[in-house]
Amino acid sequence: MTARFDAIVVGAGAAGMMCAATAGQRGRRVLLIDHAAKLGEKIRISGGGRCNFTNIHCTPEHFVSRNPHFCRSALARYTPKDFIALVERHGIRYHEKKLGQLFCDDSATQIIAMLEAECDAGHVAWHMPCTVKAVERHGDHFALATTAGAFASASLVIASGGLSVPKIGATPFGYRVADQFGLDMVPPHPGLVPLTFDAAELARFGDLSGISVDATVSAGSGRFRENLLFTHRGLSGPAILQISSYWTPGSALQVDLLPDHPAAELFRAQRRSLALPASVLGEVLPKRLAQQWCEAAGATRPMDQMSDQALEALAAGLHDWRVKPTGTAGYQKAEVTLGGVDTAGLSSKTMESRNVPGLYFIGEVVDVTGHLGGFNFQWAWASGFAAGSSL
Ligand SMILES: Cc1cc2nc3c(=O)[nH]c(=O)nc-3n(C[C@H](O)[C@H](O)[C@H](O)COP(=O)(O)OP(=O)(O)OC[C@H]3O[C@@H](n4cnc5c(N)ncnc54)[C@H](O)[C@@H]3O)c2cc1C
């Protein structure tokens, strides 16, 4: 016996639940399938357990994609205000932490419960844990063989996410379906991820682990000013997570460790001082970093004995530190997956495949990746709403 639905959504994460609820509340008969035993695990662990569910400053410029314009339409039709209204309707208390980032006051599980309730309001049917064994297209419908039986539907929505954090259920399922139906892929790689150093660089900075500085970091077309954190494996912190989405292997990052304090002016003001350059820098940088930086640069004599040239070089290095990471901390630590299903094969209004009617891709499986700060969930809500309003 094959159970029939108007739409089957594979992946009951952020995008999948939003899509299923939207379509269900429009009167569509929807089945939501997930292979995980627990619902919404990624939402539960997000934002340190409080879910940074949107960002009030969200614009298309906060996203990375081969086609930077693709996300415009969906983001315009489902905005942070729309999601905030939903959150308020469910009585979930929230606050702005910084830079427009909205978090639950209490727990991310409230967002999961809210989405589940919205699905219930749309009479969405569930199967989880349920593994999809095969997907086929028969005439005008899709046929799915699963561990919970055979299902058929006119529309199939792939909302199975990216590859980040495999231990809570990430799989390449969506990429395989895209490949099966002839959609192109932008090669996936880890995003919003710490960067690693080689042994020589680690030896130079390894014992700075735990130190954090306000810095400007640039790579490719990206430039961010936030905290940079030294770790025992390399660099992390919001500035590094952000720039990791723009960094290409083999290239160097450009770091300004003193964005508010021109080092040359600091040195000029204390040119005749008997203090060491590390003490001068220790007024504006963490002391351990100032110490280690000066030692590595050989700037170990008192200010009045340093040559102009050496001080100029020291100042320039602090504003233009070029550091070449050897790699990333990988999918285990990445918050998102860059790349994915190429948007060239999808409608930006509905997320439907241009060549396979009824096949939709939403959320992180698509080559649209947000900056850190609530943008990835906003994309999940907006793309889920776009598909759910269309199918
Ligand atoms: C630690 C961490 C913290 C984060 N914090 C934030 C934050 O605070 N704010 C923010 O905006 N973003 C955050 N993100 C990113 C955000 O969680 C994702 O971008 C978002 O969840 C993507 O939504 P999605 O629905 O596309 O995929 P997911 O939420 O990953 O959902 C995909 C679903 O598909 C299921 N699935 C996978 N493979 C299969 C299969 N073969 N068969 C059936 N089901 C399958 C999975 O079990 C999962 O339930 C964070 C990510 C991580 C890892």
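This text goes with the structure placed above it.
Not measured: the values here are computed from a predicted model.

A.B. asks: I'd like to hear about the site of the ligand, residue by residue, with values.
C.D. replies: Of all residues adjacent to the ligand, which total 31 residues, the nearest are Ala15, Asp34, Thr171, Glu364 and Phe377. Contacts to the ligand include alanine 15, whose backbone N or O atom sits 2.8 Å from an oxygen atom. Alone, the ligand offers 1000 Å² of accessible surface; in the complex the protein occludes 91% of this. Looking at the shell around the ligand, the elements that each hand over two or more residues are helix H1 (14-25), helix H2 (41-45) and helix H13 (375-390).

A.B. asks: Any chance you could break down the pattern of salt bridges for me, citing the residues and the numbers?
C.D. replies: Under the definition given, this model contains eleven salt bridges. Between arginine 29 and aspartate 6 there is a salt bridge; the shortest N-O distance is 3.5 Å. Pair noted here: arginine 29 is in the loop between H1 and strand S2 (30-33) and aspartate 6 is in strand S1 (residues 2-10), with a separation of 23 residues, a long-range link. Looking at arginine 29, the relative accessible area reads 47%, which means it is partly exposed. For glutamate 61, the salt bridge identified is with arginine 72, shortest N-O distance 3.2 Å. In this pair, glutamate 61 is assigned in the loop between strand S3 (52-55) and strand S4 (63-64) and arginine 72 in helix H3 (residues 72-77), connecting sequence segments eleven residues apart. Salt bridges linked by common partners bring Lys38, Glu41 and Arg44 together as one network.

A.B. asks: Got a sec to walk through the sheet that holds S3? Specific residues and values, please.
C.D. replies: In space, the three strands of this open sheet follow the order S3-S6-S5, with antiparallel pairing throughout. Both edges of this open sheet fall to S3 and strand S5 (94-96), since each of them pairs with a single strand only. For this sheet the average axis-to-axis angle between neighbouring strands, irrespective of direction, equals 30°. By the bridge criterion, three bridges tie S3 to strand S6 (residues 101-104) in an arrangement that is antiparallel. The residue bridging asparagine 52 from the neighbouring strand is phenylalanine 103, located in S6. The sheet strands contacting helix H4 (residues 80-89) are S3, S5 and S6, and the helix crosses S3 at an angle near 140°.

A.B. asks: Report on the sheet that holds strand S14 (residues 222-230), specifying residues and quantitative values.
C.D. replies: As summarised here, the arrangement of the seven strands in space is S17-S16-S13-S14-S15-S12-S18, forming an open sheet in which the pairing is antiparallel. Two strands bound the open sheet, and with one partner strand each, they are strand S17 (321-323) and strand S18 (327-328). Relative to strand S16 (residues 253-256), strand S13 (residues 212-219) runs antiparallel, the two being bridged by three bridges. Bridge pairing in S16 links serine 218 to glutamine 254. Across the sheet, helix H12 (residues 308-319) lies against S16 and S17, angled at about 115° from S16, the strand it touches most.

A.B. asks: Which residues make up the packing of aromatic side chains, and what values go with them?
C.D. replies: For any two aromatic rings, the description comes down to two numbers: the centre-to-centre distance and the angle of the planes. Counted under the stated rule, the structure contains twelve aromatic pairs. Between phenylalanine 230 and tryptophan 321 the ring centres are 6.1 Å apart and the planes differ by 25°, which places this aromatic pair in the stacked class. Within this pair, whereas phenylalanine 230 is found in strand S14, its partner tryptophan 321 is found in strand S17, the two being separated by 91 residues in sequence. Taken as a pair, phenylalanine 230 and tryptophan 321 share a single burial class, namely buried. These aromatic residues form a ring-pair network of at least three members: Phe53, Phe83, Tyr94, Phe377 and Trp381. One residue, arginine 137, lies across the ring of phenylalanine 142, its end atom 4.6 Å from the ring centre.

A.B. asks: Describe in detail the packing of H1 against H13, supporting the description with residues and values.
C.D. replies: Where H1 contacts H13, the axes come no closer than 7 Å and their chain directions differ by 30°. Crossing angle aside, the handedness with which H1 passes H13 is right-handed. Between H1 and H13, the contacting residues are Ala14, Ala15, Met18, Cys19, Thr22 and Ala23 on the first element and Phe377, Ala380, Trp381, Gly384, Phe385, Ala387, Gly388 and Ser389 on the second.

Rules used throughout
- Residues numbered from 1 in each chain as written.
- Predicted model: local features only at pLDDT ≥ 70, side-chain atom pairs only at ≥ 80, totals over all residues.
- Heavy atoms only, no water.
- Near = heavy atom within 4 Å.
- Polar contact = N/O pair within 3.5 Å; in protein donor to acceptor, adjacent residues only side chain to side chain.
- Areas by Shrake-Rupley, 256 points an atom, 1.4 Å probe, with all protein chains shown as cover.
- Helix = DSSP H or I, 4+ residues; strand = E, 2+ residues; numbered from the N terminus.
- Salt bridge = Lys/Arg side-chain N within 4 Å of Asp/Glu carboxyl O.
- Buried < 20%, exposed > 50% of the residue type's maximum accessible area, 1.4 Å probe, protein only.
- Pairing = 2+ DSSP bridges.
- Axes fitted to C-alpha atoms, helices over the stretch in contact; angles between N-to-C directions.
- Contact = heavy atoms within 4.5 Å.
- Phe/Tyr/Trp six-rings, centres within 6.5 Å; stacked < 30°, edge-to-face > 60°.
- Lys NZ or Arg CZ within 6 Å of the ring centre and 35° of its normal.
- Left-handed = near helix turned anticlockwise from the far one by under 90°.

In short, shape yes, function no, at least from these values alone.
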